[in-house]
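# Analysis of the macromolecular model
The primary structure of each chain is shown beneath.
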Amino acid sequence: MSAYEPPTAVSPDDQLPPVEPPSAGFIVQLFVIPALIVTIMFVLGAGIKWLVERDNDPKAYVDALRRDNAARWQAASDLADLLRNPRHAKLKDDANLAEQLAGILDKEIDDARYDEMSIELRLYLCHVLGEFHVPAVLDTLVKAAQTQRDPKEATVRFAAMKAIAVWLDGAPQAAGDTAEKLMPTILAASRDEQPLLRSTAAFALGAADRPDATQRLERMLVDSYPDVRYNAATMLARRGNSAAVEVLAEMLDPGQAVALEKEDEPQSRRYKRDLILVNALRATEDLAKENADADLRPLVEPVERLATPESAGGSDLPGGIQVQAKEVLLELNQRRS
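Residues numbered from 1 in each chain as written. Predicted model: local features only at pLDDT ≥ 70, side-chain atom pairs only at ≥ 80, totals over all residues. Heavy atoms only, no water.

## Concerning the pattern of salt bridges
Considering all chains together, one arrives at 20 salt bridges under this definition. Between Asp 111 and Lys 107 there is a salt bridge; the shortest N-O distance is 2.9 Å. Linking Asp 111 with Lys 107, this pair stays in helix H4 (residues 95-111), spanning 4 residues, or about one helical turn. Here Glu 153 ties to Arg 122 by a salt bridge, and the two come within 2.8 Å at their closest N and O atoms. Here Arg 122 lies in helix H5 (residues 116-130) and Glu 153 lies in the loop between helix H6 (138-146) and helix H7 (154-170), a separation of 31 residues in the sequence. Note on Arg 122: relative accessible area 1%, which makes it buried. Through salt bridges with shared partners, a single ionic network connects Asp 106, Asp 110 and Lys 143. (Salt bridge = Lys/Arg side-chain N within 4 Å of Asp/Glu carboxyl O. Helix = DSSP H or I, 4+ residues; strand = E, 2+ residues; numbered from the N terminus. Buried < 20%, exposed > 50% of the residue type's maximum accessible area, 1.4 Å probe, protein only.)

## As for the environment of Pro 302
Looking at where Pro 302 falls in the secondary structure, it is placed in helix H15 (residues 297-307). The class for Pro 302 is buried, based on a relative accessible area of 6%.

## Details of the packing of H7 against helix H9 (residues 195-208)
As a packed pair, H7 and H9 sit with axes 8 Å apart at the nearest point and diverge in direction by 15°. Classified by the interaxial angle, the pair formed by H7 and H9 is roughly parallel. Classified by chirality, the crossing of H9 by H7 is left-handed. Contact residues: Arg 157, Phe 158, Met 161, Lys 162, Ala 165, Leu 168 and Asp 169 in H7; Leu 196, Leu 197, Thr 200, Ala 201, Phe 203, Ala 204, Ala 207 and Ala 208 in H9. Classifying every residue of the contact of H7 with H9 gives 11 nonpolar, 1 polar and 3 charged. (Axes fitted to C-alpha atoms, helices over the stretch in contact; angles between N-to-C directions. Parallel < 35°, antiparallel > 145°, perpendicular 65-115°, else oblique. Left-handed = near helix turned anticlockwise from the far one by under 90°. Contact = heavy atoms within 4.5 Å. Nonpolar A, V, L, I, M, F, W, Y, C, P; charged D, E, K, R; others polar.)

Rendered as structure tokens:
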């Protein structure tokens, strides 16, 4: 038997692979290729952004709207989406864009065309112009609200008055001279023979928030058309005016026979009933918060009935209305305690 031989000691360096300098290919894979990928992605992203910004160029939309062809409607839709996008909120302060769009509407009014597409374009332009926050749109909207040479223009007048109301509500700077200049048109609309125009004028009067506007709203509380009374009461309640209480109590009744008599379909009747109730509850809450001294006792019982399905004239009221009624009732009860 051979003698025992101890194992030879192994150096740690003997266990590692030989160290070699990195090859050029390895360096390319490790550094150059990832950097190239990042660069390509950046370029692609910048290119996509450029394309989007080019496609979202408001001037291109305005040019398309001026052309009398089918493409103008796609441009109209795209521009509306652009204005609704919070990322492009600054467009609403773009006086140049507003003036160009107002110029198109002004021309359409002067051309006096009454085919369906021409009227639709005017309606669209009214709605869009109301979204701006610059005074440049107002002269044309006033012109549209005052012009009716054909029965078909009644809907344009309504859209223009609605746009004026939206503009006033979204442009706080209008509390001064601008609102004063608009008042003759708004007041005239509030006395118009068309109930729809009167009810829309009520919103504009509320947004104007002026003593003469408030006085006119108080007179509109006795209008023979329910929607006019209801809109006037809603706008007065937003300002904390207790003159709205009696009409609010009327609105809080689920059996609003007078307000619903023109709705033929059961589904339409329910929809309008629910809309009136929601607005009445919101207005009641607004009035309670804005006027701590208002006597709201006439509203407590109607709100209690809405909060309890079996006492509200039927069980077909949406659950959301009942929940809302309970919240408003809590607010009213806290005032009484």
